[in-house]
Amino acid sequence: MGRFDTERKELIELLRSKGITDENVLTAMMKVERHLFVDQMFINRAYEDNALPIGSEQTISQPYTVAFMTQALRPKKEMKVLEIGTGSGYQAAVLATIGCRVFTIERHLSLLNSARKLFDVQQLRVAAKGGDGTVGWSEHAPYDAIIVTAGAPSIPDALVNQLNEGGRLAIPVGNKEAQQLIVGTKISGKLQTEVIDGFKFVPLIGKNGWN
Ligand code: SAM
């Protein structure tokens, strides 16, 4: 048994009890060692269902949020997924462990570099770059799914444009204090959305985000 295996198992059971049902997501979150993605100062709190600071005034998202948003993308092997807001790299690692081809963008280069090291050591199929993710990553578009892990003032058109027909988008939208999670499918070129309350994110900063 590895370090924290028991704690991780308990977290997965908690996610199940909170309504996460996608076995691909639960299995991947059982495999990915969240304690490697948190600031080592908080290693003993890695399997609490809480966001934790990761430096640069940013956070690793709460496990329930990661599970909910990942499930909302309906992830499958070989799906091409764009993530805006690499942060610790944990969300990207969960998607890559499911078997998705992951592209991720982070504006804080120190966070990007730490996440890249983790992707390399764990041989995860993740392409990561620094920059403003609100404009997407056109070179690799279109994507089967796009996940934005920071709160936006509105849905950037650039991201909808880079989504495949039938593709899924998960993005928190609102003001800087409170957001709703918007989950959408691109149908006949337009996004059909549903809105879910009760999530809180750091702000998405960039050309099509906050100043
Ligand atoms: N997915 C991350 C994880 O698993 O740790 C969560 C990271 S945190 C909640 C959101 C991240 O979005 C922060 O690291 C922040 O720097 C980043 N961010 C904010 N605006 C951005 C932008 N325009 N482009 C890329 N990253 C951005």
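Every chain begins its residue count from 1, and numbering advances along the sequence as written. The model is predicted, so local features are restricted to residues of pLDDT at least 70 and side-chain atom pairs to those at 80 or more, both for listing and for counting; the totals for chains, interfaces and linings are taken over all residues. Side-chain numbers here rest on the full set of heavy atoms in the structure, without hydrogens or water.

Digging into the overall build of the chain
Put simply, DSSP marks the helices as runs of H or I at least four residues long and the strands as runs of E at least two long, and each gets a number from the N terminus on. From N to C terminus, the chain includes six helices and nine strands. Our radius of gyration looks at C-alpha atoms and nothing else; its globule reference is 2.2 Å times the residue count to the power 0.38. By the compact-globule yardstick of 17 Å for 211 residues, the chain fits well, its C-alpha radius of gyration being 16 Å. Reported as C-alpha extents along the three principal axes, the dimensions of the chain are approximately 50 × 35 × 35 Å. Contact definition: two residues touch when any of their heavy atoms are within 4.5 Å. At a minimum sequence separation of 6, the contacts of the chain that also span at least 24 residues come to 54%. Surface exposure of the chain reaches about 9,800 Å², of which carbon and sulfur atoms provide 50%. In this count, Lys and Arg are taken as positive residues and Asp and Glu as negative ones, while His and the chain termini are left out. Where a charge lies is defined by one atom per residue type: Lys uses NZ, Arg uses CZ, Asp uses CG and Glu uses CD. Treating the 24 positive side-chain charges of the chain as one cloud and the 23 negative ones as another, the clouds have centres 4 Å apart. Computed by Shrake-Rupley with a 1.4 Å probe, the accessible areas treat only the displayed protein chains as cover when residues are assessed.

Remarks on helix α5 (residues 109-121)
Multiplying 1.5 Å by the helix residue count minus one yields the expected span of that helix. For α5, which comprises 13 residues, the first-to-last C-alpha distance of 18 Å matches the rise-based estimate of 18 Å (1.5 Å per residue) to within 8%. Buried positions along α5 lie against β1 (52-55), β2 (58-60), α4 (90-98), β4 (101-106) and β5 (126-130). Positive backbone phi, at 50°, marks Gln123, one or two positions downstream of α5.

Quick word on the sheet that holds strand β3 (residues 80-84)
Any two strands with at least two DSSP bridges between them are considered paired. Strands sit in the order β5-β4-β3-β6-β7-β8-β9 across an open sheet of seven strands; the sheet is mixed. At either margin of the open sheet sits one strand with a lone partner, and together these are β5 and β9 (190-199). The sheet shows a mean angle of 15° between the axes of neighbouring strands, direction not considered. Here four bridges tie β3 to strand β6 (residues 143-148), and the two strands are oriented parallel to one another. Within β6, the residue paired with Ile84 across the bridge is Val148. Only the stretch in contact is used when a helix axis is fitted, and all axes are lines through C-alpha atoms; the angle between N-to-C directions ranges over 0 to 180 degrees. Strands β4 and β5 of the sheet are contacted by α5, whose axis makes an angle of about 165° with β5.

Re the nonpolar core
We define a nonpolar core as any set of buried Ala, Val, Leu, Ile, Met, Phe, Trp, Tyr and Cys residues linked to one another through side-chain atoms lying within 4.5 Å. Buried residues are those whose accessible area, probed at 1.4 Å on protein chains only, stays under 20% of the maximum for their type, while exposed residues exceed 50% and partly exposed ones sit between those limits. With 53 residues, the main nonpolar core has Leu15, Met29, Val81, Tyr90 and Val94 as its most contacted residues. The element best represented in this core is α4, accounting for seven residues. Those residues in contact with Tyr90, other than ones at most four positions away along the chain, are Met29, Val32, Arg34, Phe37, Ile60 and Val66. Val148, Ala150, Val160 and Ile182 belong to the second-largest nonpolar core, a separate cluster that totals 18 residues.

Overview of helix α2 (residues 23-31)
Taken residue by residue, α2 has Val25, Leu26, Ala28 and Met29 as its buried positions. For α2, the angular spread of the buried residues around the axis is 165°, confining them to a single face. Contact partners of the buried residues in α2: α1 (5-17), α3 (63-72) and α4. The definition of a polar contact used here is a pair of N or O atoms within 3.5 Å, where within protein one atom must be able to donate a hydrogen and the other to accept one, and adjacent residues in sequence count solely through side-chain atom pairs. With a side-chain oxygen positioned 2.8 Å from the backbone nitrogen of Asn24, the residue opening α2 is Asp22. For this quantity, the arc is that covered by the directions from the helix axis to the C-beta atoms.

A short note on the pairing of β6
Summarising burial for β6: five of the six residues are buried, a large majority. Bridge analysis of β6 against strand β7 (residues 163-174) gives four bridges, and the strand direction is parallel. Across the sheet, Ile146 pairs through a bridge with Leu169, a residue of β7.

Looking at the site of the ligand
By nearness alone, 27 residues border the ligand, and Glu83, Ser88, Glu106, Gly133 and Ile205 come closest of all. Between Arg107 and the ligand, the recorded distance is 3.4 Å, taken from a backbone N or O atom to a nitrogen atom. Relative to its unbound accessible surface of 600 Å², the ligand loses 99% to contact with the protein. The set of elements that each furnish at least two residues to the shell around the ligand consists of β2, β3, α4 and β4. Here a residue counts as near a molecule or strand whenever at least one of its heavy atoms sits within 4 Å of it.

Side note on the environment of Val148
Considering the arrangement of structural elements, one finds Val148 in strand β6. Accessibility expressed as a relative area gives 0% for Val148, which makes it buried. Separated by 142 residues in sequence, Val148 and Thr6 place their C-alpha atoms 30 Å apart. If we ignore the near neighbours within four places in the chain, the residues touching Val148 are Met69, Ile84, Leu159, Ala170, Ile171, Pro172 and Leu204.

Geometric descriptors of this kind do not, in isolation, establish any biological role.
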